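Structural description and commentary
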Amino acid sequence: MMQYTYSLILFFTVIVCFVASFDKRLRFDREFVPFLKAATLVALFFIAWDVWFTSKGVWWFDTRYTLGLLVGGLPLEEWLFFFFIPFSCIFTYFCIDKFFRLQSLSAFNNIVVFVSIIVCAVVALRYSDRIYTVLTATVTIVTLVLFHFVLRVQWITQASLVFTLLMLGFLPVNGLLTGTGLESAIVNYNPTQFMGIRILTIPVEDAVYGYTQFLLVLYFFKKFQSNPHTLGS
């Protein structure tokens, strides 16, 4: 049973959202193709990052908790992570935006972007010898600069608010992956390559990593939608 742990975490993370997608009030099932296109495009980058970090020993996996199928040095479940987790996140954003219409929050975009960039820049400079910290902060800064100053997207604040709400799910899911309630962690981190600051068992970098991944998938999801007006632009 132990080898199904990672698989079960992914299953229970996505199953409620997947079933609810077919609700006639939501019909998120009509958005499956745009989502798959967006998730795949973003996954290409993050999986390459994952493979490289694993090869460098920045993190590694306890395969006792996986099915034992490795692809590119990563457990199969880790590949699925880049589809299952974003699915739940985008579904949640879709639902909240559909029923609450958060467009007015765009007035706060400047504050959110500038504060986030400054914090990430300070952290990257302070921990310049920690590869996970530096790369995560840098990718986040580049993403925010590109979205806000170049592409002029208007939904950064509403996406940030939704991601804050998603932390309620992020904590138990990532907590399990990083060892909460388990004999050992499924994902283990080299202590010399990140800040060492954790939320329970979760490195802070994981939350920032997840935020950037969410923003990127959401951006391409909106671009691939056949009717972009079904989601706030």
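Structural notes, computed from the coordinates. (Residues numbered from 1 in each chain as written. Predicted model: local features only at pLDDT ≥ 70, side-chain atom pairs only at ≥ 80, totals over all residues. Heavy atoms only, no water.)

Bringing the overall build of the protein into the picture now. Along the backbone of the protein there are 7 helices and 6 strands. Its helices and strands taken in sequence order, the protein reads α-α-β-β-β-α-α-α-α-β-β-β-α from the N to the C terminus. Whereas a compact globule of 233 residues would reach a radius of gyration of roughly 17 Å, the protein reaches 18 Å, a difference of no more than 12%. Referenced to the eigenvectors of the C-alpha coordinate spread, the extents of the protein come out at roughly 45 × 40 × 30 Å. For the protein, buried positions account for 50% of its 233 residues. Long-range contacts, defined here as pairs at least 24 residues apart, represent 78% of the contacts in the protein between residues at least 6 apart. Surface accessibility of the protein: about 11400 Å² in total, with carbon and sulfur atoms responsible for 71%. With 15 positive and 12 negative side-chain charges, the protein shows a separation of 11 Å between the mean positions of the two kinds. (Helix = DSSP H or I, 4+ residues; strand = E, 2+ residues; numbered from the N terminus. Rg over C-alpha atoms; globule rule 2.2 N^0.38 Å. Buried < 20%, exposed > 50% of the residue type's maximum accessible area, 1.4 Å probe, protein only. Contact = heavy atoms within 4.5 Å. Areas by Shrake-Rupley, 256 points an atom, 1.4 Å probe, with all protein chains shown as cover. Lys, Arg positive; Asp, Glu negative; His and termini not counted. Charge placed at Lys NZ, Arg CZ, Asp CG, Glu CD.)

With respect to the helices and strands, the residue His148 is situated in helix 5 (residues 131-150). Among all residues touching His148, those that are not within four sequence positions of it are Asn109, Asn110, Val113 and Ile156. At 2.6 Å, the side chain of His148 and the side chain of Asn110 are in polar contact. (Polar contact = N/O pair within 3.5 Å; in protein donor to acceptor, adjacent residues only side chain to side chain.)

Counting 71 residues, the largest nonpolar core has Trp59, Tyr132, Trp155 and Phe214 as the members making the most contacts within it. No other element matches the 11 residues that helix 3 (residues 76-100) contributes to this core. Non-local contacts of Phe214, meaning those with residues more than four positions away in its chain, are made with Cys89, Ile90, Tyr93, Ala159, Val162, Phe163 and Leu166. (Core = buried A, V, L, I, M, F, W, Y, C linked by side-chain atoms within 4.5 Å.)

Across the interface, helix 1 (residues 5-20) lies against helix 6 (residues 156-177) with an axial gap of 10 Å and an inter-helix angle of 170°. Relative to helix 6, the element helix 1 is oriented roughly antiparallel. Contacts between helix 1 and helix 6 involve Tyr6, Ile9 and Thr13 from the former and Val173, Leu176 and Leu177 from the latter. A class-by-class count of the residues in the contact of helix 1 with helix 6 yields 5 nonpolar, 1 polar and no charged. (Axes fitted to C-alpha atoms, helices over the stretch in contact; angles between N-to-C directions. Parallel < 35°, antiparallel > 145°, perpendicular 65-115°, else oblique. Nonpolar A, V, L, I, M, F, W, Y, C, P; charged D, E, K, R; others polar.)

Moving on, we come to the layout of surface pockets. Its volume calculated, the largest pocket comes out at about 530 Å³. The set of elements that each furnish at least two residues to the lining of the largest pocket consists of helix 1, strand 1 (59-61), helix 3, helix 6, strand 4 (187-189) and helix 7 (204-224). A total of 9 residues in the lining of the largest pocket trace back to one element, the largest contributor, which is helix 6. A volume near 390 Å³ is recorded for the second largest pocket. Every residue lining the second largest pocket is counted, 20 residues in all, and those nearest its centre are Ser116, Val119, Cys120, Val208 and Tyr211. Only helix 4 (109-126), helix 5, helix 6 and helix 7 provide two or more residues apiece to the lining of the second largest pocket. (1 Å grid on protein atoms, 1.4 Å probe; cavity = no way out; pocket = protein on both sides within 12 Å on 5 of 7 lines; lining within 4 Å. Points joined across faces, edges and corners; volume = space filled by probe spheres on them.)

To continue, consider the packing of aromatic side chains. This structure, assessed with the given rule, holds 36 aromatic pairs. With 5.0 Å between their ring centres and 90° between their planes, Trp59 and Tyr132 make a pair best called edge-to-face. A residue pair is termed long-range when its members are at least 10 positions apart, and Trp59 in strand 1 and Tyr132 in helix 5 qualify at 73 residues. In terms of burial, Trp59 and Tyr132 fall into one category: buried. By the ring-pair criterion, three or more aromatic residues cluster together here, those being Phe45, Phe46, Trp49, Trp52, Phe53, Trp59, Tyr132, Tyr189, Phe194 and Tyr209. (Phe/Tyr/Trp six-rings, centres within 6.5 Å; stacked < 30°, edge-to-face > 60°.)

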